[in-house]
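A structural walkthrough
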Amino acid sequence: VPGRPLDIPMPAAKSPQAGATAEPAVVRWTEAGLSRTARWRSANGRPAPSRVEVVTDSLTADDANRMASQGIAMLWQGDFHNARQILTALDRRVGSGKKKTADSPADEFYRHRQSRSHRARVLGLLLVPLDPGPVVPLRRSPDIQAAAEEAYGDVSEPSVVSLHELVGAIGAHEWRRNGVWVDALQGRIHPHYGTFFPTRSEYVDLVAAAPLPSEELAFDVGTGTGVLAAVLARRGVHRVVATDNEPRAIACATENLRNLGLQDRAEAVLADMFPPGRAPLIVCNPPWIPATPHSSLDNAVYDPGSRMLFRFLNELSDHLEPGGEGWLVLSDLAEHLGLRTRDQLLGAIGSAGLRVLARLDTRPTHPKASDRNDPLFEARAAEVTSLWRLATR
């Protein structure tokens, strides 16, 4: 969620048997001596907790921390604002503790990821009810209808959700409502829940500045919010086809292109990587870090084994028109973290039958690049984001 990533672990997907219909997950607990159940909802694929106990305003932060450490989920039946305070207090306790010194940047990165994953698991154990409307039937609960619908869709039956995730959905709704100003567009991009959005403007500026090889047609592979497709259309490309394999991203990009008045030049289509045909310009901003995603939002940042990156390179020649260019927008943060080397990247480019025409570089301007308290500060401070102009050999 914009402003504070949820980083909630996502279980490995399982293929259902042919013809089988997956049953909705449920949460079970005992209340006043009676067994109760409700539909479990998680926009980030978090599994339903197996141990649930009802708690009220009498719960202390220390008790919450103790229960969470034992893997017990807490279903709140009290004041909504008090639940928020317990969540904040629990977050402070999870974040405390002695910091360990890592042996290498990669060790530090994985330790940081483990810490965030642990935090998400613990904070995800504080639950609240979600009734049709949708509403949270607790005292002093805010109006969460729009935020909950954007995250969970139609809520037609009593349900239970993680308060941590719901708070993230509320924040995401505010970002969607207000939008994010993009200088290259002189307009706003409105991210939908679960769709990564351009908080870092430097890579957008690279696409806005690179010389266009053609104004006829461009593909934007992995479009997300549609920001790069919009930039290309604003630059004068007559037709832009933006693809993504997430329906939420397609809905988001379509709405943004329409709001910017670019629907006649650019369209977003659901596709696995490349659309049919060839184009003189193909742009891709793949996830920059070769690591396993732990949530749906992580998919925009983490690319296990650099699969999307290498697939883009390997299939680019099949979709480029003669004399066309592929623009790869990529940070070298993974290199500074010891997760991928420059030689591996250059080797992948060469093995795909591609050559580098030029490279445009820029330094990051986001706050973490100058935050010495960030555990990954040294790597972030050295980071360079590049637009690689590629062509077939």
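One structure accompanies this document, and this report is about it. (Residues numbered from 1 in each chain as written. Predicted model: local features only at pLDDT ≥ 70, side-chain atom pairs only at ≥ 80, totals over all residues. Heavy atoms only, no water.)

Examining the overall build of the chain
Test applied: Every helix listed is a DSSP run of H or I at least four residues long, and every strand listed is a run of E at least two residues long, numbered separately from the N terminus. Relative accessibility decides the category of a residue: with a 1.4 Å probe and only protein chains considered, values under 20% of the type maximum give buried, values over 50% give exposed, and everything between is partly exposed. We call two residues contacting when some pair of their heavy atoms lies within 4.5 Å. Residue exposure ignores everything except the shown protein chains as possible cover, and the areas themselves are Shrake-Rupley values with a 1.4 Å probe.
Counting its secondary structure elements, the chain contains 12 helices and 15 strands. In the chain, which comprises 393 residues, the share counted as buried stands at 50%. Within the chain, counting contacts between residues at least 6 apart in sequence, those at least 24 apart form 69% of the total. A total accessible area of about 18,500 Å² is found for the chain, and carbon and sulfur atoms account for 48% of it.

Regarding helix H8 (residues 247–259)
Formally: Multiplying 1.5 Å by the residue count of a helix minus one yields the expected span of that helix.
End to end, H8 covers 18 Å across 13 residues, agreeing with the expected 18 Å (1.5 Å per residue, within 8%). For H8, the full list of buried residues reads Ala249, Ile250, Cys252, Ala253, Glu255, Asn256 and Leu257. In this structure, the buried side of H8 is in contact with helix H5 (163–178), strand E8 (187–189), helix H7 (227–234), strand E10 (239–244) and strand E11 (266–270). Phi turns positive one or two residues past the end of H8, at Gly261, with a value near 75 degrees.

Concerning the side chain of His319
Relative to the assigned elements, His319 resides in the loop between helix H9 (307–316) and strand E13 (320–331). Taking the relative accessible area as the measure of exposure, His319 reaches 16% and is therefore buried.

Thoughts on the side chain of Ser214
The cut-off we apply is this: N or O atoms closer than or at 3.5 Å make up a polar contact, with two conditions inside protein: a donor-capable atom paired with an acceptor-capable one, and, for residues adjacent in sequence, both atoms drawn from side chains.
By the secondary structure assignment, Ser214 is in the loop between helix H6 (202–209) and strand E9 (217–221). Here the side chain of Ser214 touches Glu216 through a polar contact of 3.0 Å, landing on its backbone nitrogen. Residues in contact with Ser214, not counting those within four places in the same chain, are Val237 and Pro280.

Considerations on the pattern of salt bridges
Note the threshold: The salt bridge definition used is simple: a Lys or Arg side-chain nitrogen within 4 Å of an Asp or Glu carboxyl oxygen.
Here the structure, examined in full by the defined rule, presents 17 salt bridges. Its salt-bridge partner being Arg311, residue Asp272 comes within 3.1 Å of it at the nearest N-O pair. Here Arg311 lies in helix H9 and Asp272 lies in the loop between E11 and strand E12 (279–284), a separation of 39 residues in the sequence. By relative accessible area, Arg311 is classed as partly exposed at 29%. Here the salt bridges share partners, and the residues they tie into one network are Arg39, Arg41 and Glu157.

Quick word on the nonpolar core
The criterion, for reference: Buried residues of nine kinds, namely Ala, Val, Leu, Ile, Met, Phe, Trp, Tyr and Cys, make up a nonpolar core once their side-chain atoms join them within 4.5 Å.
Counting residues in hydrophobic clusters, the biggest one holds 66 residues, and the most contacted among them are Leu232, Ile282, Ile289, Phe312, Leu313 and Leu328. When residues no more than four places from it in sequence are discounted, the contact partners of Ile289 are Phe109, Val301, Tyr302, Asp303, Leu333, Ala334, Leu337 and Leu339. Counting 45 residues, the second-largest nonpolar core is a separate cluster that includes Trp29, Ile72, Ala151 and Val155.

With respect to the sheet that holds E12
Where we set the bar: Strand pairing is assigned whenever DSSP identifies at least 2 bridges connecting the two strands. Lines fitted to the C-alpha atoms define the axes, with helices restricted to the stretch that makes contact. Angles between their N-to-C directions range from 0 to 180 degrees.
Read across the sheet, seven strands follow the order E11-E10-E9-E12-E13-E15-E14 without closing on themselves; strand pairing throughout is mixed. Of all strands in the sheet, those with a lone pairing partner are E11 and strand E14 (354–362), marking the two edges. Looking at each pair of strands side by side, their axes are set apart by 20 degrees on average, direction ignored. Note: E9 against E12, four bridges, orientation parallel. Each residue of the ladder has a partner; that of Ala218, found in E12, is Leu281. Sitting on the sheet, H8 touches E10 and E11, and the angle it makes with E11 is about 170 degrees. The sheet strands contacting H9 are E9, E12, E13, E14 and strand E15 (385–392), and the helix crosses E13 at an angle near 165 degrees.

Notes on the sheet that holds strand E2 (residues 34–40)
One open sheet accounts for six strands, arranged E1-E2-E6-E5-E4-E3; its pairing is mixed. Every other strand in the sheet has two partners, leaving strand E1 (26–31) and strand E3 (52–55) as the edge strands with one partner each. This sheet shows a mean twist of 40 degrees between the axes of neighbouring strands, independent of strand direction. Lying over the sheet, H5 contacts strand E5 (126–130) and strand E6 (159–162), oriented at roughly 80 degrees with respect to E6.

Let's talk about the packing of aromatic side chains
Note the following rule: Two aromatic rings from Phe, Tyr or Trp, using only the six-membered ring of Trp, form a pair when their centres are within 6.5 Å; if the ring planes differ by under 30 degrees the pair is stacked, by over 60 it is edge-to-face, and anything between is tilted. In this scheme, the term charge over a ring applies when either NZ of a lysine or CZ of an arginine sits within 6 Å of the ring centre and within 35 degrees of the ring normal.
With the rule as written, the count across this model stands at four aromatic pairs. Ring centres of Tyr203 and Trp288 lie 6.0 Å apart, and the angle between their planes is 85 degrees; on these two criteria the pair is classed as edge-to-face. Residue Tyr203 is found in helix H6, and its partner Trp288 is found in the loop between E12 and H9; the two are separated by 85 residues along the sequence. For Tyr203, a relative accessible area of 7% corresponds to the buried category. A connected cluster of aromatic rings, assembled from ring pairs, spans Phe109, Tyr110 and Tyr302. Over the aromatic face of Tyr302 sits the side chain of Arg113, whose NZ or CZ is 3.7 Å from the ring centroid. In this structure, Arg359 is placed above the aromatic ring of Trp388, and the distance from its NZ or CZ to the ring centre is 5.1 Å.

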